[in-house]
Amino acid sequence: MAMRFVKTEILSSSDGLSHGESKTLETEEVLQAKRAQQTSGVKTLFEQLEAQKEKAQEAYDAKTKLIFAPPRSLESDDVEFFAAEERKRRLVADARDRDEIDAFAVARAQFDEATASTVDFGPPKHQSHRREAPDMPDVKLRRRPAKRPRSDDVPPETTNVSSPPAPAPAPASRGL
């Protein structure tokens, strides 16, 4: 059904400037348009826009209500699931720790076996203030050279600090 404009009122003016008076038309065409509007449920443009505005506002309110709603507590199924996951994680971590400890113990035992047969510490020697050279025919011990003083250890009187060079004279300006 095509919508078409139906003239229902005529504005009139006595002075030609203000159109405050209106005359309502009661023609057959106007009555037929009113009946069609009532039976078809067609709303005016204002009513349609208001309905759309209300729907949009309700959708917005529903979204913001979900955003700003307080957090929900976990259900029992969720709690059980998270507890089971935590138990699995702990079991895996404990197994990994046990494997690392066992591997360390094996490596330590192998190291102890290897070092026990090759290293003999012998009886403890008495302590003296001077070091004695070990009984090694190939090794010669040398003394370290005396420590040289660093530049910041030397007192300021003994350093040769020259004064900075004098600034260059300014260029002469040419007279015009």
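Counting from 1, residues in each chain are numbered in the order their sequence is written. Local features are withheld for residues below a pLDDT of 70 in this predicted model, meaning they are given only at 70 or higher, and side-chain atom pairs are given and counted only at 80 or more; totals for whole chains, interfaces and linings count all residues. The basis for every side-chain value is the complete set of non-hydrogen atoms in the structure, without hydrogens or water.

1. A look at the overall build of the chain
Our working rule: Think of it this way: any DSSP run of H or I at least four residues long counts as a helix, any run of E at least two long counts as a strand, and we number them from the N terminus. Throughout, exposure labels follow a simple rule: accessible area from a 1.4 Å probe, protein chains only, divided by the maximum for the residue type, with under 20% read as buried, over 50% as exposed, and the rest as partly exposed. Residues count as neighbours in contact if any of their non-hydrogen atoms are within 4.5 Å of one another. Methods summary: accessible areas were calculated by the Shrake-Rupley approach with a probe of 1.4 Å, and residue burial reflects only the protein chains presented.
Looking only at helices and strands, the chain has 3 helices and 2 strands in total. Ordered by position from N to C terminus, the α and β elements of the chain give β-β-α-α-α. The 176 residues of the chain split such that 3% are buried. Counting contacts in the chain only where the partners sit at least 6 residues apart, residues at least 24 apart contribute 9% of the total. As displayed, the chain offers around 18500 Å² of accessible surface, 56% of which is attributable to carbon and sulfur atoms.

2. Points about a nonpolar patch on the surface
Short version of the rule: A patch consists of residues exposed above 30% relative accessible area that lack any salt bridge, with like charges linked at up to 9 Å and nonpolar side chains (Val, Leu, Ile, Met, Phe, Trp, Tyr) linked at up to 5 Å. Note on definitions: salt bridges are taken to be side-chain nitrogens of Lys or Arg within 4 Å of carboxyl oxygens of Asp or Glu.
Together, Leu 74, Val 79, Phe 81 and Phe 82 give the surface a local cluster of nonpolar side chains, amounting to about 410 Å² of exposed area. Within the secondary structure layout, Phe 81 lies in helix H3 (residues 76-118). According to the relative accessible area criterion, Phe 81 is partly exposed, its value standing at 48%.

3. Overview of a negative patch on the surface
Put simply, the rule reads: Charged residues are defined narrowly, with Lys and Arg counted positive, Asp and Glu counted negative, and His plus the chain ends left uncounted. All charge positions are set by atom: Lys at NZ, Arg at CZ, Asp at CG, Glu at CD.
Taken together, the side chains of Asp 94, Asp 97, Asp 99, Glu 100 and Asp 102 present a region of like negative charge at the surface. Here Asp 97 shows up in helix H3. We classify Asp 97 as partly exposed; its relative accessible area is 35%.

4. Structural notes on the pattern of salt bridges
Enumeration according to the criterion identifies 5 salt bridges in this entry. Across the salt bridge formed by Arg 90 and Glu 86, the nearest N and O atoms sit 3.7 Å from each other. Taken as a pair, Arg 90 and Glu 86 lie in helix H3 at a separation of 4 residues, close to a single helical turn. Via salt bridges that share partners, Glu 86, Arg 89 and Arg 90 belong to a single interconnected network.

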